[in-house]
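This is what each chain is made of:
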Amino acid sequence: MDDGLKTSSTRTAKRRDVAARWIITLGGVTVIASVAAILALIVGVTIPLFQGPRADAIPTVTLAPSNGKPIYTAVDCALSGGGMIATVWSDRGAIARVDLLSGKPLERQRLSGVEKHPKHRLQHVEPLGRGRYSLLWSDGATSLVEVAAFDVRQLAAMPADPSIKTPIVQAFLRRSDSDAFTQAVRYADGRIVVTRRIDAETAAGEQDTQTHRTVLHDQLVSRIAAMTMDRAGAALYAGTSDGRLIRWQFDDAGEPSHREVVRAFSDGRAVTALTLALGDVSLVVGDRAGGLSVWAPVAADGVQKLHRIHRLRSHDGAIERIVACERNKTVASLDARGIVHLDDLTSERALISVGSESSPLQQIAMSPRGDALLGRESSGRVIAWRLDLGSPEISLNTLFGRVFYEGYNKPEYAWQTTGGEEFEPKFSLTPLLFGTLKGTFYAMLLAVPLSLFGAMYVSYFTTPAFRRAIKPAVELMATVPSVVIGFMAALWLAPILERWALTFCLSFVTLPVVMIAFMAIWQGLRRFDVARRVENGYEFLVVLPVLVVGAALAVGLSGPIETWLFDGHFRRWLFEGPLGLPFDQRNCILIAFGLGFTVIPIIFSIAEDSLSNVPYSMTAASMAVGASRWQTLWRVVLPSASPGIFAAAMIGFGRAVGETMIVLMATGNTPIMDWSPLNGMRTLSANIAVEIPEAPVGGTLYRVLFLCAVLLFLLTFTVNTAAELVRQRLRKRFGRF
Amino acid sequence: MRRTWTFGPATVVLGVFFGLAASAWTQAEDATVVPYEKVSGVDGSLNSIGSDTLNNLMTYWAEAFNRLYPNVKIQVEGKGSATAPPALAAGTAQLGPMSRRMKPEEEDAFEKKHGFRPTRISVALDCLAIYVHKDNPLKGLTLAQADGVFSKTRRRGGSEINRWGQVGLENRWAAMPISLYGRNSASGTYAYFKEHVLNKGDYKDTVKEQPGSAAVVNGVAGDRAGIGYSGIGYRTSEVRAIPLAKDANSPMVEPAFDNVLNGKYPLGRTLYIYVAKRPNEPMPKLVEEFLKFVLSAEGQQIVIKDGYGRLPAQVVARQLELLK
């Protein structure tokens, strides 16, 4: 009977055991599987960043020779439906549209400019982006037209100087935002004439046109082999046959205000093609040897000088034409053998290389969205490729290395992702990784000693009653939402900390000094019985006023010291004195307090638990052989509890690395790389929170932000794994219970 | 009416400072903007997702519109202009308030989904101001100086400015380093300032990016060396909006809507609501009536109350044309 009962209850217990084991195993496996799934998900989003670009050739089409000789062919892709349309400009001043997929001609249109002088032929078409083209006619006139979906509109026209009879080599027309028109004409004898026309309305409402004509006299002019101008007509660039680059800058009236010549190639190779990349800052230079380089004005000693900022993949033959993409900093370059290279300026990545097998290409064009490339052979055959460039601006170097961005003085790590349409996005993750580690470092610097010593005191020195009260109180700190802490730190603590900056620094001196002095006095006082009774767990009652005295001393001294040593202004002295540190109100000290507030309860609680769990028998044995409390703690308790204490610190570290709201609100999210505790940082986690609303889903920024998440994961994963390994070793060595 | 509190930093900060955000701003009344006429058969629900700058204004409009049509439910969410285009494209919002124009990629994404371009309706004027601490004696800045203060690329050609002495302050201000405050990149204000002050250059890394317009003003209010930019609607007594000059030869102009309208103040901008309207088809009645209300005398009165500038009558007329 008794036996039966026993076996039945054992059986139940066993059954429960098995069930529990399965449930726990299932739970554990689910947790691991979910973490793995999350990781796979975020890694999956980042993968397209590193996938190569694609170019798919579509069947070639031969343009029907009608209504004149083709001069220029543009290409555009329909947003939906996958259609691709070529726009052919003929020398008779007509444009015809051809469906590249079916080869069928679509509508046909005459250019409005041609109706005025039907005898003249179109000689050259230069695409300026956003549907604008600069045209050169056989009589030397230039015009600017805008091609919208269903009509062609002439924006401006300017005749050539009738007094010059020399043939024209190259000419174009530009229009600035303030409606100033600039025409640049290069004649066969080497002269360059720049004409600026400003249409203004007078106060009386009459049209007032001012024209200013300049002839650029230059001993180098005769050697010019290529020329280009920015879209506003403010800067003219030329390349010479002996490897020089010339830049003229024009003022508002159209007068050249600055001229600069740089020897671009020491071997004197000829410049054969010039184009300004999107944004009109970077000049892409193609040379006779097939080299492709990028130049931009770089400020040095207050002067802007052309400087080579990138070098792209070389061609095997001389570069004939360079075409800039209208969407990003990608350029297509065509060499004499008919090979087209696509390269990205920022990352210097070689994207795609395509070419025609039959006859060399005469002209290339890229679609406005950068999703198609077209090449026209002299025979009239047109080949086109559908492009998927992916994220051309991303490479390991742009993510982690220094990059020479346009407008910068030197290669830099920079994070600045958002700007206008012509913006060069900067995706360096180095400042973000740096910021994450910096913020965590200062937070741990404050939190680890405070919470560990706190835990030691509470678990080992103080009275049980006090311990019962203090532990939940500290743990209660963890319940304060981090958004509240961030808010308080940013708007309440920051101005206070700024005002009392010197006092804060002084307290690092006054507190220890006062404390040591107090301890010396205490040695004397220990003779009295009252004092010794205080030592049994009530030390903090005596130390508290001492700390108050130390703090008061710092407050009192800060005024006079600021006057004597720092010329009355501590922040200014920090900035201008030998340290040269700018004091920012949103700095790492603030973050140390903010993050510390969330991390301290975690570290304290776990460390206190592991200290209290050291068996009483061990401390009792230590005391019995005559060790002091401190000796017992240091030699017996701490080693035994070390795995737990280490784990506490590491969990705190993980919390600090991933904390978002406090850093988001209390720092300025400044992506700087500077270890100074007196300025801020931008962490990976806050960066994700700040930028994800701006990121178009599936775009480069979106994917880079997911890469930030992967990095954050890897960071915590490595630290936690390392910590676990260390903990295991510590446990093996010191785990005596 | 329900106000959706999204768990975004901007809304949290904004919520706390909600009371400070609106400062009354005087602007001459215009008689030619017609009052709103209530029509029958308006009900349903409207979602608005977009600009943080327009968040308060949208809420006020929604409240007033709701008083006219108690059966209408309007939810307003404002995390930044960049959140409007995807919401409009996906159809999760019928109204997309934006403090800047859509970028071509954003319009493309919309067109890909719907087959037509989104319609842009101007609804109010904003005046971007540069704020300094109220004790700061700064007289004003030229745009080139502001560029030198905020930019590391300095496209306006000025020199680098990092101390108050470099913009003419004296005595103890002279050596004080300038402390920079700005918006985060999701904000239309960030993009606008970048384009119009930095000439599309880059911000310095030391600009402290704040998650909301009110947070910028509060940052400057608590930092004597601070300078920051934000809409004029967020002005408080703790900060001073400084006059700006287009260049060294132009006069310093106070930030005010009259100066925006006459083109003297360089940082005026239009605020928009984007909607999805099929060409040659009327839009949903609820959306149309809401926009008509916004463009009515009452709607524009709310604009003035919230510290923004109302549209001139002829602009309102042009916007009403777009609705048809």
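**Thoughts on the overall build of chain B**
Assigned secondary structure in chain B consists of twelve helices and eleven strands. Against the compact-globule benchmark of 20 Å for 324 residues, chain B has a radius of gyration of 20 Å, which places it among compact chains. By principal-axis analysis of the C-alpha atoms, chain B measures approximately 65 × 40 × 35 Å. Counting contacts in chain B only where the partners sit at least 6 residues apart, residues at least 24 apart contribute 75% of the total.

**Thoughts on the overall build of chain A**
Within chain A one finds 15 helices and 30 strands. Computed over C-alpha atoms, the radius of gyration of chain A comes to 37 Å, more than 25% over the 27 Å expected from 2.2 N^0.38 for 737 residues, which places it beyond the range of a compact globule. Projected onto its principal axes, the C-alpha positions of chain A cover 115 × 85 × 55 Å. For chain A, the proportion of its 737 residues judged to be buried stands at 40%. Taking as baseline every contact in chain A between residues at least 6 positions apart, the subset at least 24 positions apart corresponds to 58%.

**A look at the interface of chain B and chain A**
Chain B puts 41 residues into the contact, and the matching count from chain A is 40 residues. Among the elements of the structure, helix 1 (9-16), helix 5 (104-114), helix 7 (188-196) and strand 7 (208-210) of chain B are those that each provide at least two residues to the side of chain B that touches chain A. Its residues assigned to classes, the side of chain B that touches chain A shows 15 nonpolar, ten polar and 16 charged.

**Some thoughts on the packing of helix 14 (residues 684-691) of chain A against helix 15 (residues 700-734) of chain A**
Residue and element names in this part refer to chain A. At their nearest, the axes of helix 14 and helix 15 sit 9 Å apart, and the two run at 155 degrees to each other. Classified by the angle their axes make, helix 14 and helix 15 are roughly antiparallel. Handedness of the helix 14/helix 15 crossing: left-handed. Residues Leu 684, Ser 685, Asn 687, Ile 688 and Glu 691 of helix 14 form the contact with helix 15, whose own contacting residues are Leu 701, Leu 705, Cys 708, Ala 709, Leu 711 and Leu 712. Its residues assigned to classes, the contact of helix 14 with helix 15 comprises eight nonpolar, two polar and one charged.

**Quick word on the sheet that holds strand 24 (residues 339-344) of chain A**
Either a parallel or an antiparallel arrangement is found when strands of a sheet pair, and the pairing is made through backbone hydrogen bonds. All names here are of chain A. Overall, antiparallel pairing links the four strands, which are arranged 22-23-24-25 in an open sheet. On the outer flanks of this sheet lie strand 22 (319-324) and strand 25 (350-355), each paired with one strand and no other. For this sheet the average axis-to-axis angle between neighbouring strands, irrespective of direction, equals 20 degrees. Two elements, strand 24 and strand 25, share five bridges in a ladder whose sense is antiparallel. What sits directly across from Ile 339, in strand 25, is Gly 355.

**Let's talk about the sheet that holds strand 18 (residues 271-276) of chain A**
All names here are of chain A. Spatially, the four strands line up as an open sheet ordered 18-19-20-21, and their pairing is antiparallel. Whereas interior strands pair on both sides, the edge strands pair on one side only; in this sheet they are strand 18 and strand 21 (303-312). Pairwise comparison of adjacent strand axes, ignoring direction, gives a mean angle of 30 degrees for this sheet. Judged from the four bridges that link them, strand 19 (residues 283-287) and strand 20 (residues 292-300) form a sheet pairing that is antiparallel. Paired with Gly 286 across the strands is Leu 292, a residue of strand 20.

**A closer look at helix 4 (residues 464-477) of chain A**
Taking 1.5 Å per residue, 14 residues should reach 20 Å; helix 4 of chain A reaches 21 Å between its end C-alpha atoms and fits that length. Of all 14 residues in helix 4 of chain A, zero are buried; the element is thus mostly exposed.

**Let's talk about the packing of helix 4 of chain A against helix 10 (residues 588-612) of chain A**
Residue and element names in this part refer to chain A. Interaxial distance between helix 4 and helix 10 falls to 7 Å at its minimum, and their mutual angle equals 145 degrees. Judged by the twist between their axes, the crossing of helix 4 over helix 10 is left-handed. Between helix 4 and helix 10, the contacting residues are Lys 471, Val 474, Glu 475 and Met 477 on the first element and Phe 597, Ile 600, Pro 601, Phe 604, Ser 605 and Glu 608 on the second. Partitioned by chemical class, the residues of the contact of helix 4 with helix 10 number six nonpolar, one polar and three charged.

**Some remarks on helix 8 (residues 213-221) of chain B**
Of all nine residues making up helix 8 of chain B, nine are buried, and the element is well covered by its neighbours. Among the residues making up helix 8 of chain B, those that are buried are Ser 213, Ala 214, Ala 215, Val 216, Val 217, Asn 218, Gly 219, Val 220 and Ala 221 of chain B.

**Considerations on unusual backbone geometry**
Look at Glu 348 of chain A: it is not a glycine, yet its phi comes out positive at around 55 degrees. Relative to the helices and strands, Glu 348 of chain A resides in the loop between strand 24 and strand 25. The backbone phi angle of Asn 280 of chain B is positive, close to 60 degrees, even though this residue is not glycine.

**Considerations on the environment of Val 261 of chain A**
All names here are of chain A. Relative to the helices and strands, Val 261 is located in strand 17 (residues 256-263). Each C-alpha atom of the pair Val 261 and Leu 220 lies 9.4 Å from the other, and the pair is 41 residues apart in sequence. Excluding residues within four positions of it along the chain, Val 261 makes contact with Leu 220, Arg 244 and Ile 246.

**What about the confidence of the model for chain B?**
Close reading of the predicted structure is inappropriate where its pLDDT is low. Residue and element names in this part refer to chain B. Per-residue confidence for chain B gives a mean pLDDT of 83, with 90% of residues at or over 70. When mean pLDDT is taken per element in chain B, strand 9 (residues 239-241) scores highest with 95 and helix 2 (residues 18-21) scores lowest with 34. The complex model carries a pTM of 0.84, and its ipTM stands at 0.83.

**Some points on the environment of Phe 461 of chain A**
Residues and elements named next belong to chain A. Residue placement: Phe 461 occurs in helix 3 (residues 430-461). Judged by the 18 C-beta atoms lying within 10 Å of it, Phe 461 falls in the partly exposed class. Put simply, Phe 461 and Gln 210 are 251 residues apart on the chain and 90 Å apart in space, counted from C-alpha to C-alpha. Not counting chain neighbours up to four residues away, the residues in contact with Phe 461 comprise Gly 537, Glu 539 and Arg 629.

**Regarding the pairing of strand 4 (residues 119-133) of chain B**
Residues and elements named next belong to chain B. Along strand 4, eleven of the 15 residues are buried, which leaves the element largely enclosed by surrounding structure. Sheet topology places strand 4 next to strand 11 (residues 268-275); eight bridges connect them, and they run antiparallel. What sits directly across from Thr 119, in strand 11, is Val 275. Where strand 4 lies against strand 8 (residues 226-231), five bridges are found, and the strand directions are antiparallel. In the sheet register, Leu 128 faces strand 8, and the bridge partner there is Gly 231.

**Some points on the pairing of strand 11 of chain B**
In summary, the side chains of a regular strand alternate between the two faces of the sheet. Residue and element names in this part refer to chain B. Counting buried positions along strand 11 yields seven of eight residues, so the element is predominantly enclosed. By the bridge criterion, three bridges tie strand 3 (residues 96-98) to strand 11 in an arrangement that is antiparallel. If you follow Met 98 over to strand 11, its bridge partner there is Tyr 272.

**Here's the deal with the environment of Ser 122 of chain B**
Residues and elements named next belong to chain B. Residue position: Ser 122 is located in strand 4. The sequence separation of Ser 122 and Ala 82 amounts to 40 residues, and the corresponding C-alpha distance is 17 Å. Those residues within four positions of Ser 122 in sequence are excluded, and the remaining contacts are Thr 270, Tyr 272, Leu 311, Val 315 and Gln 319.

Parameters at a glance
Residues numbered from 1 in each chain as written. Chains lettered and ligands numbered in written order. Predicted model: local features only at pLDDT ≥ 70, side-chain atom pairs only at ≥ 80, totals over all residues. Helix = DSSP H or I, 4+ residues; strand = E, 2+ residues; numbered from the N terminus. Rg over C-alpha atoms; globule rule 2.2 N^0.38 Å. Contact = placed C-beta atoms within 7 Å. Buried ≥ 20, exposed ≤ 12 C-beta atoms within 10 Å, placed from the backbone. Nonpolar A, V, L, I, M, F, W, Y, C, P; charged D, E, K, R; others polar. Axes fitted to C-alpha atoms, helices over the stretch in contact; angles between N-to-C directions. Parallel < 35°, antiparallel > 145°, perpendicular 65-115°, else oblique. Left-handed = near helix turned anticlockwise from the far one by under 90°. Pairing = 2+ DSSP bridges. Expected span 1.5 Å × (residues − 1). pLDDT = per-residue confidence, 0-100.

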